[in-house]
Amino acid sequence: MTHFIITIDGPSASGKSTLAKKIAQRLGINYLDSGAFYRSIAAFLILNEDSAEDEGFLLGFLQNATLKLEYEGSFARYFLNGVDLSPYLRNEQVAMKASRIAKFGVVRKFVNQNLQAICKKGDFIADGRDLGSKVFPKADVKFFLTASIESRAKRRELEQKTMGTETSFEKVLEQLLQRDEQDSKRKIDPLVKPADAIFIDTTSFTTDEVCEQMLVNIKKKFVVRPSWYRVLIGSFLKKFFKIFFRLQVFGEGNAEKVLGGLVYANHTSYLDAPLLLSILGPNTVFVASKRVIEKNIFIRCVTRFFPLILVDEKNMPRDFFRICNKEIHKGSPVVIFPEGMRSITGEILSFKEGLASIIIHCKITEVLPIYLGGVYKAWPKERLFPVLWKKITVLISKPLCITGHKEGGAKEPRNALTEHLKKRLVDLEKQYKDKYE
Ligand code: CDP
């Protein structure tokens, strides 16, 4: 199983860790702070009052050292030889020592081996100095962030003052200059911009602006070019719905904001899937029930040309969640009809657990509800063919942010999440009935 890795390199206080954490949360992947590895070693040595900083001493120490991370959500606590060093890591004395010992090959080898071993276990965004150039030369997406020395010093001063550390702009500036010098002039794996990294100067942008820029770039790297026939079918469907069903879509901009993204909609008709495909684009992937597809030759034929993620509702193996996750991170909209079947009356039915399970297992933080209005009348369940000229109106909501969901998901939070998601769709239905029906 291949996992993906995004790297961010750059000088101190260029915004790497803040952005890596934000993106980790948005994509539901883990954050790996390579600087914290160097800082853990430095903090451990300071706590043990080991002031020697030569290769021989460090080799002896690291030969028997074990580094462990314990994740709490997307973020980790760092243990060296069983000691939790997390509380000491942001200390400036620790940072300076980390930068000094980081020039030794034995230290870099120890850290790099640990980083590579951890990243084999899942999808990660990692930040540091040499991640794209040395540790993960084949990373899926690489960024290099920088900012003017003044704005980096201001950011670090603010960060330290927020943590209650007495400092001044001049002092921080001096420390940053010294570390920049040490990090970019050392012989082994100095700070460099990898040739294939996306360069962003964060000086005059807010964190949110840079985050959006990075997400757009991640999406671009992953989005696969759809085959020509899917593009053709997509644009045909768009015209078909416009002409024969006077299609109107509200909130199209909301769909563009979701990166790849999990989408859910009400289900009343065979028109629902092609309609969503015409709106969300030819990369759209549908989650479909194995049982329904296997017994219906018509659906089997139509869906041959479009990617489906088939699922046995009674048994959702880990692999199913892995495929959903991968498609979403590749920038494909993944659509699920949470009612699990077409509604006979046109009213929204109760939701099955599938949608909440995907959100929990794939740690999805944003999901896009879409209400398909008028489709029921355009092709009711009991009719063999659609009724042309009926009006179809689609309402695309703002993405719903999902927070605090737990892996494994006890029944109760999953039920609460399911109800929450259904409520949003019912709200959209009400809005449709009040304004557009
Ligand atoms: O947060 P900040 O950018 O100031 O530092 P950090 O990323 O926590 O890294 C602390 C020190 O570890 C840096 O000054 C580097 O000398 C070293 N480091 C490194 O050499 N290679 C890395 N991949 C990450 C950090």
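If you're wondering where the values come from, they're calculated on a predicted model, not measured in any experiment. (Residues numbered from 1 in each chain as written. Predicted model: local features only at pLDDT ≥ 70, side-chain atom pairs only at ≥ 80, totals over all residues. Heavy atoms only, no water.)

Caption draft 1: Expanded view of the overall build of the protein chain. Across its full length, the protein chain carries 18 helices and 16 strands. Its C-alpha atoms give the protein chain principal-axis dimensions of roughly 80 × 45 × 40 Å. Expressed as a percentage of its 437 residues, the buried residues of the protein chain come to 51%. Of the contacts formed within the protein chain by residues at least 6 apart in sequence, a portion of 78% connects residues at least 24 apart. Of the accessible surface of the protein chain, which amounts to about 21,400 Å², a share of 57% is contributed by carbon and sulfur atoms. Between the mean site of the 68 positive side-chain charges and the mean site of the 50 negative ones, the protein chain shows a separation of 7 Å. (Helix = DSSP H or I, 4+ residues; strand = E, 2+ residues; numbered from the N terminus. Buried < 20%, exposed > 50% of the residue type's maximum accessible area, 1.4 Å probe, protein only. Contact = heavy atoms within 4.5 Å. Areas by Shrake-Rupley, 256 points an atom, 1.4 Å probe, with all protein chains shown as cover. Lys, Arg positive; Asp, Glu negative; His and termini not counted. Charge placed at Lys NZ, Arg CZ, Asp CG, Glu CD.)

Caption draft 2: Fine view of the state of the cysteines. The tally for this structure, following the rule as stated, stands at zero disulfides. This cysteine, Cys119, is not joined by any disulfide, and Cys362 carries the nearest cysteine sulfur, 19 Å off. Cysteine Cys401 remains unbridged, with the sulfur of Cys211 as its closest cysteine sulfur at 12 Å. Exposure remark for Cys401: the relative accessible area of 54% places this residue in the exposed category. (Disulfide = S-S within 2.5 Å.)

Caption draft 3: Main features of the sheet that holds strand β6 (residues 124–128). One open sheet accounts for five strands, arranged β2-β6-β1-β7-β8; its pairing is parallel. In this open sheet, the two edge strands, each paired with only one partner strand, are β2 (30–33) and β8 (198–201). Ignoring strand direction, the axes of neighbouring strands in this sheet form an average angle of 20 degrees. Across five bridges, strand β1 (residues 5–9) lies against β6 in parallel orientation. If you follow Ile5 over to β6, its bridge partner there is Phe124. Helix α5 (residues 105–119) rests against β1, β2 and β6 of the sheet, and its axis sits at about 175 degrees to β2. (Pairing = 2+ DSSP bridges. Axes fitted to C-alpha atoms, helices over the stretch in contact; angles between N-to-C directions.)

Caption draft 4: Quick look at the sheet that holds strand β3 (residues 67–72). Strands sit in the order β3-β4-β5 across an open sheet of three strands; the sheet is antiparallel. Both outer strands of the open sheet, β3 and β5 (83–84), are each paired with one neighbouring strand and no more. One ladder, built from six bridges, connects β3 with strand β4 (residues 75–80); its direction is antiparallel. Bridging from a neighbouring strand, Leu67 pairs with Leu80 of β4.

Caption draft 5: Fine view of the packing of helix α7 (residues 149–162) against helix α8 (residues 169–185). Orientation of α7 relative to α8, taken along the N-to-C sense of each, is 120 degrees, at an axis distance of 9 Å. In the packing of α7 onto α8, the handedness of the crossing is right-handed. Together, Ile149, Glu150, Arg152, Ala153, Lys154, Arg156, Glu157 and Gln160 of α7 and Phe169, Val172, Leu173, Leu176, Leu177, Arg179 and Asp180 of α8 make up the contact between the two elements. Looking at side-chain class alone, the contact of α7 with α8 contains seven nonpolar, one polar and seven charged residues. (Left-handed = near helix turned anticlockwise from the far one by under 90°. Nonpolar A, V, L, I, M, F, W, Y, C, P; charged D, E, K, R; others polar.)

Caption draft 6: Spatial organisation of helix α15 (residues 318–329). With twelve residues, α15 should cover 16 Å at 1.5 Å per step; its first-to-last C-alpha distance of 17 Å lies within 8% of that length. Along α15, the residues that are buried comprise Phe320, Phe321, Cys324, Asn325, Glu327, Ile328 and His329. (Expected span 1.5 Å × (residues − 1).)

Caption draft 7: Representation of the pattern of salt bridges within the structure. Tallied over the entire structure, the rule returns 23 salt bridges. For Arg129, the salt bridge identified is with Asp183, shortest N-O distance 3.2 Å. Taken together, the residues span a long stretch of sequence, with Arg129 in the loop between β6 and α6 (131–135) and Asp183 in helix α8 at a distance of 54 residues. There is no split in this pair, since Arg129 and Asp183 are both buried. Where salt bridges share partners, they join Glu53, Lys97 and Arg100 into one cluster. (Salt bridge = Lys/Arg side-chain N within 4 Å of Asp/Glu carboxyl O.)

Caption draft 8: Structural context of the environment of Glu353. Tracing the chain through its elements places Glu353 in the loop between β13 (334–336) and α16 (354–361). What makes Glu353 partly exposed here is its relative accessible area of 27%. Glu353 sits 17 residues away from Ile336 along the chain, and the two C-alpha atoms are 11 Å apart.

Caption draft 9: Summary view of the packing of aromatic side chains. Tallied over the full model, the rule gives 17 aromatic pairs. Measuring from ring centre to ring centre gives 5.7 Å for Phe240 and Phe245, while their planes differ by 65 degrees; the resulting arrangement is edge-to-face. Taking relative accessible area as the criterion, Phe240 reaches 21% and is therefore assigned partly exposed. Residue classification places Phe245 among the buried positions, given a relative accessible area of 0%. Taken together through their ring pairs, the aromatic side chains of Phe236, Phe240, Phe241, Phe244, Phe245 and Trp389 make up a single cluster. The ring of Tyr270 is capped by Arg342, whose NZ or CZ atom sits 4.0 Å from the centre of that ring. (Phe/Tyr/Trp six-rings, centres within 6.5 Å; stacked < 30°, edge-to-face > 60°. Lys NZ or Arg CZ within 6 Å of the ring centre and 35° of its normal.)

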